[in-house]
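Analysis of the macromolecular model
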Amino acid sequence: MDEIIRDPEKIVTAWLKSFKKGTDFDQWGQPVEAIDCYQRLSKILKEEVSPYTACFSDDQKKILAKVSTCLDLRNQALQHPGTVDGISLENLKKIEISLKNLLSSKSTDFPVDVIAAQAHADAQSPRRSEDGNPSVDEGEEEDQALDGLLNAKVQGSLLPKPRPVEGQTLLTVRIEKIGLKDAVTYIDPFLTVSVKSTHFTRM
(Lines give C-alpha, C1' and ligand atoms only; values in the text may rest on other atoms or scores of the structure.)
Protein backbone atom coordinates (compact mmCIF):
# COMPACT_ATOMS: atom_id res chain seq x y z
CA MET A 1 0.00 0.00 0.00
CA ASP A 2 1.38 3.38 -1.03
CA GLU A 3 2.34 5.81 1.73
CA ILE A 4 0.04 8.81 2.05
CA ILE A 5 1.78 11.95 0.79
CA ARG A 6 1.50 14.78 3.33
CA ASP A 7 1.75 18.43 2.42
CA PRO A 8 4.04 20.19 4.93
CA GLU A 9 2.64 23.62 4.06
CA LYS A 10 -0.92 22.56 4.81
CA ILE A 11 0.21 20.90 8.05
CA VAL A 12 2.04 24.02 9.28
CA THR A 13 -0.92 26.21 8.27
CA ALA A 14 -3.23 24.03 10.39
CA TRP A 15 -0.80 24.26 13.32
CA LEU A 16 -0.67 28.05 13.05
CA LYS A 17 -4.45 28.20 13.06
CA SER A 18 -4.60 26.03 16.19
CA PHE A 19 -1.83 28.07 17.82
CA LYS A 20 -3.66 31.34 17.12
CA LYS A 21 -6.90 29.88 18.47
CA GLY A 22 -5.19 28.95 21.72
CA THR A 23 -3.50 32.32 22.21
CA ASP A 24 -6.79 34.09 21.47
CA PHE A 25 -8.56 32.11 24.20
CA ASP A 26 -5.61 32.82 26.48
CA GLN A 27 -5.81 36.56 25.81
CA TRP A 28 -9.59 36.62 26.31
CA GLY A 29 -9.21 35.13 29.78
CA GLN A 30 -10.54 31.67 28.91
CA PRO A 31 -7.87 29.38 30.41
CA VAL A 32 -9.84 26.13 30.10
CA GLU A 33 -10.26 26.54 26.35
CA ALA A 34 -6.66 27.75 25.95
CA ILE A 35 -5.27 24.76 27.86
CA ASP A 36 -7.26 22.37 25.67
CA CYS A 37 -5.88 23.97 22.49
CA TYR A 38 -2.32 23.99 23.79
CA GLN A 39 -2.49 20.37 24.94
CA ARG A 40 -3.85 19.15 21.61
CA LEU A 41 -1.24 21.02 19.58
CA SER A 42 1.61 19.98 21.89
CA LYS A 43 0.60 16.32 21.54
CA ILE A 44 0.53 16.61 17.74
CA LEU A 45 3.95 18.25 17.65
CA LYS A 46 5.43 15.57 19.92
CA GLU A 47 4.16 12.90 17.52
CA GLU A 48 5.68 14.78 14.58
CA VAL A 49 9.08 14.92 16.30
CA SER A 50 9.19 11.12 16.35
CA PRO A 51 12.13 9.64 14.39
CA TYR A 52 9.61 7.52 12.49
CA THR A 53 8.08 10.54 10.73
CA ALA A 54 9.78 11.86 7.60
CA CYS A 55 7.74 14.94 6.75
CA PHE A 56 10.18 17.34 8.42
CA SER A 57 13.96 17.52 8.70
CA ASP A 58 15.88 16.97 11.94
CA ASP A 59 16.47 20.71 12.36
CA GLN A 60 12.77 21.40 11.84
CA LYS A 61 11.89 18.73 14.39
CA LYS A 62 14.14 20.44 16.94
CA ILE A 63 12.14 23.63 16.49
CA LEU A 64 8.86 21.73 16.83
CA ALA A 65 10.12 20.12 20.04
CA LYS A 66 10.89 23.55 21.48
CA VAL A 67 7.46 24.86 20.48
CA SER A 68 5.84 21.85 22.16
CA THR A 69 7.82 22.48 25.35
CA CYS A 70 6.75 26.13 25.37
CA LEU A 71 3.10 25.10 25.03
CA ASP A 72 3.49 22.73 27.98
CA LEU A 73 5.10 25.48 30.05
CA ARG A 74 2.25 27.86 29.26
CA ASN A 75 -0.19 25.16 30.34
CA GLN A 76 1.59 24.90 33.69
CA ALA A 77 1.23 28.64 34.21
CA LEU A 78 -2.49 28.51 33.41
CA GLN A 79 -3.15 25.44 35.54
CA HIS A 80 -1.29 26.88 38.56
CA PRO A 81 -1.87 30.65 38.40
CA GLY A 82 0.25 32.60 40.83
CA THR A 83 2.30 29.50 41.68
CA VAL A 84 4.19 28.59 38.51
CA ASP A 85 5.43 31.26 36.12
CA GLY A 86 5.87 28.80 33.27
CA ILE A 87 5.97 31.03 30.22
CA SER A 88 4.05 34.25 29.66
CA LEU A 89 1.51 34.72 26.89
CA GLU A 90 3.68 37.50 25.51
CA ASN A 91 6.67 35.18 25.16
CA LEU A 92 4.51 32.38 23.79
CA LYS A 93 3.31 34.65 20.99
CA LYS A 94 6.93 35.28 20.00
CA ILE A 95 7.39 31.67 18.90
CA GLU A 96 4.64 32.01 16.28
CA ILE A 97 7.26 33.38 13.88
CA SER A 98 9.29 30.18 14.35
CA LEU A 99 6.32 28.14 13.16
CA LYS A 100 5.69 30.49 10.24
CA ASN A 101 9.31 30.24 9.08
CA LEU A 102 9.60 26.49 9.69
CA LEU A 103 9.62 25.61 5.99
CA SER A 104 11.46 28.69 4.73
CA SER A 105 15.19 29.23 4.47
CA LYS A 106 15.05 32.04 7.01
CA SER A 107 17.27 31.03 9.90
CA THR A 108 16.46 32.88 13.10
CA ASP A 109 17.29 32.07 16.69
CA PHE A 110 14.47 30.62 18.72
CA PRO A 111 12.95 33.59 20.59
CA VAL A 112 12.64 31.83 23.96
CA ASP A 113 15.33 30.25 26.13
CA VAL A 114 13.49 26.96 26.53
CA ILE A 115 15.98 25.30 28.88
CA ALA A 116 16.03 28.27 31.27
CA ALA A 117 12.23 28.54 31.24
CA GLN A 118 11.88 24.80 31.91
CA ALA A 119 14.34 24.91 34.80
CA HIS A 120 12.57 27.91 36.34
CA ALA A 121 9.17 26.24 36.03
CA ASP A 122 10.48 23.01 37.57
CA ALA A 123 11.88 24.97 40.51
CA GLN A 124 8.39 26.39 41.12
CA SER A 125 6.52 23.12 40.67
CA PRO A 126 3.67 22.69 43.19
CA ARG A 127 4.85 19.11 43.77
CA ARG A 128 7.64 20.49 45.91
CA SER A 129 5.21 21.99 48.43
CA GLU A 130 3.01 18.88 48.26
CA ASP A 131 6.00 16.81 49.37
CA GLY A 132 6.21 18.90 52.52
CA ASN A 133 8.94 21.29 51.47
CA PRO A 134 8.47 24.76 52.99
CA SER A 135 7.64 27.63 50.68
CA VAL A 136 10.67 29.78 49.84
CA ASP A 137 11.32 32.97 47.96
CA GLU A 138 12.70 33.10 44.42
CA GLY A 139 16.36 33.38 45.45
CA GLU A 140 16.12 30.40 47.78
CA GLU A 141 14.33 28.39 45.09
CA GLU A 142 17.27 28.86 42.73
CA ASP A 143 19.71 27.80 45.47
CA GLN A 144 17.65 24.71 46.26
CA ALA A 145 17.38 23.82 42.58
CA LEU A 146 21.17 23.98 42.30
CA ASP A 147 21.61 21.92 45.48
CA GLY A 148 19.21 19.33 44.09
CA LEU A 149 21.26 19.01 40.92
CA LEU A 150 24.48 18.60 42.90
CA ASN A 151 22.95 15.99 45.21
CA ALA A 152 21.55 14.08 42.24
CA LYS A 153 25.04 13.86 40.75
CA VAL A 154 26.50 12.47 43.97
CA GLN A 155 23.74 10.08 45.01
CA GLY A 156 22.56 8.86 41.62
CA SER A 157 18.94 8.31 40.69
CA LEU A 158 18.55 4.89 39.09
CA LEU A 159 20.27 2.19 41.10
CA PRO A 160 21.23 2.01 44.78
CA LYS A 161 24.85 1.93 45.83
CA PRO A 162 26.08 -1.69 45.58
CA ARG A 163 26.80 -3.55 48.80
CA PRO A 164 30.42 -4.56 49.43
CA VAL A 165 31.18 -8.23 48.80
CA GLU A 166 34.15 -9.90 50.44
CA GLY A 167 36.86 -10.74 47.95
CA GLN A 168 35.46 -8.47 45.23
CA THR A 169 36.47 -4.98 44.13
CA LEU A 170 33.71 -2.40 43.74
CA LEU A 171 33.90 0.44 41.24
CA THR A 172 31.80 3.59 41.58
CA VAL A 173 31.43 5.83 38.52
CA ARG A 174 30.26 9.40 39.03
CA ILE A 175 29.35 11.43 35.97
CA GLU A 176 29.86 15.07 36.94
CA LYS A 177 28.77 16.66 33.68
CA ILE A 178 27.43 15.65 30.29
CA GLY A 179 26.65 17.89 27.32
CA LEU A 180 23.66 17.18 25.08
CA LYS A 181 22.88 19.30 22.05
CA ASP A 182 19.27 20.54 22.09
CA ALA A 183 18.55 18.73 25.34
CA VAL A 184 14.85 19.65 25.19
CA THR A 185 14.33 16.99 22.52
CA TYR A 186 15.14 14.21 25.00
CA ILE A 187 12.26 12.77 27.03
CA ASP A 188 13.13 11.07 30.33
CA PRO A 189 16.78 10.50 29.32
CA PHE A 190 19.04 8.09 31.19
CA LEU A 191 22.43 6.51 30.66
CA THR A 192 23.56 2.91 31.03
CA VAL A 193 27.26 2.56 31.86
CA SER A 194 28.94 -0.81 31.23
CA VAL A 195 32.42 -1.61 32.54
CA LYS A 196 34.66 -4.23 30.94
CA SER A 197 38.10 -5.52 31.83
CA THR A 198 41.16 -5.42 29.58
CA HIS A 199 40.06 -8.87 28.39
CA PHE A 200 36.69 -7.44 27.36
CA THR A 201 34.75 -9.37 29.98
CA ARG A 202 31.91 -7.62 31.74
CA MET A 203 32.63 -6.64 35.30
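Note: the structure precedes this text.
Thresholds applied
Residues numbered from 1 in each chain as written. Predicted model: local features only at pLDDT ≥ 70, side-chain atom pairs only at ≥ 80, totals over all residues. Heavy atoms only, no water. Salt bridge = Lys/Arg side-chain N within 4 Å of Asp/Glu carboxyl O. Helix = DSSP H or I, 4+ residues; strand = E, 2+ residues; numbered from the N terminus. Buried < 20%, exposed > 50% of the residue type's maximum accessible area, 1.4 Å probe, protein only. Expected span 1.5 Å × (residues − 1). Contact = heavy atoms within 4.5 Å. Polar contact = N/O pair within 3.5 Å; in protein donor to acceptor, adjacent residues only side chain to side chain. Axes fitted to C-alpha atoms, helices over the stretch in contact; angles between N-to-C directions. Parallel < 35°, antiparallel > 145°, perpendicular 65-115°, else oblique. Left-handed = near helix turned anticlockwise from the far one by under 90°. Nonpolar A, V, L, I, M, F, W, Y, C, P; charged D, E, K, R; others polar.

The next subject is the pattern of salt bridges. A complete count under the given rule lists six salt bridges for this structure. K20 serves as the salt-bridge partner of D24, at 3.0 Å between the closest nitrogen and oxygen. Of the two residues, D24 and K20 both sit in helix 1 (residues 8-27), four residues apart, roughly one turn of that helix. D24 sits in the buried class, given a relative accessible area of 18%. Residue class for K20 comes out partly exposed when judged on its relative accessible area of 39%.

In this model, helix 1 (20 residues) spans 28 Å end to end at C-alpha, consistent with the 28 Å of a helix rising 1.5 Å per residue. Within helix 1 the residues assigned to the buried category are I11, V12, W15, L16, F19, G22, T23, D24, F25 and D26. The inward-facing, buried residues of helix 1 abut helix 2 (31-48), helix 3 (58-79), helix 4 (89-94) and helix 5 (96-100). Near the N-terminus of helix 1, the side chain that reaches the backbone nitrogen of E9, with its oxygen 3.0 Å away, is that of D7. The first or second residue beyond helix 1 is G29, which carries a positive phi of 80°.

Before going further, it helps to examine the packing of helix 1 against helix 2. Closest axis-to-axis distance for the helix 1/helix 2 pair is 8 Å, and the angle between their directions is 150°. Judged by the inter-axis angle, helix 1 sits roughly antiparallel to helix 2. Helix-helix and strand crossings are classified by hand; for helix 1 and helix 2 the assignment is left-handed. Each of W15, S18, F19, K21, G22, T23, F25 and D26 in helix 1 lies in contact with helix 2, whose residues at this interface are E33, A34, C37, Y38, L41, I44, L45 and E48. Taken together, the residues that form the contact of helix 1 with helix 2 break down as nine nonpolar, three polar and four charged.

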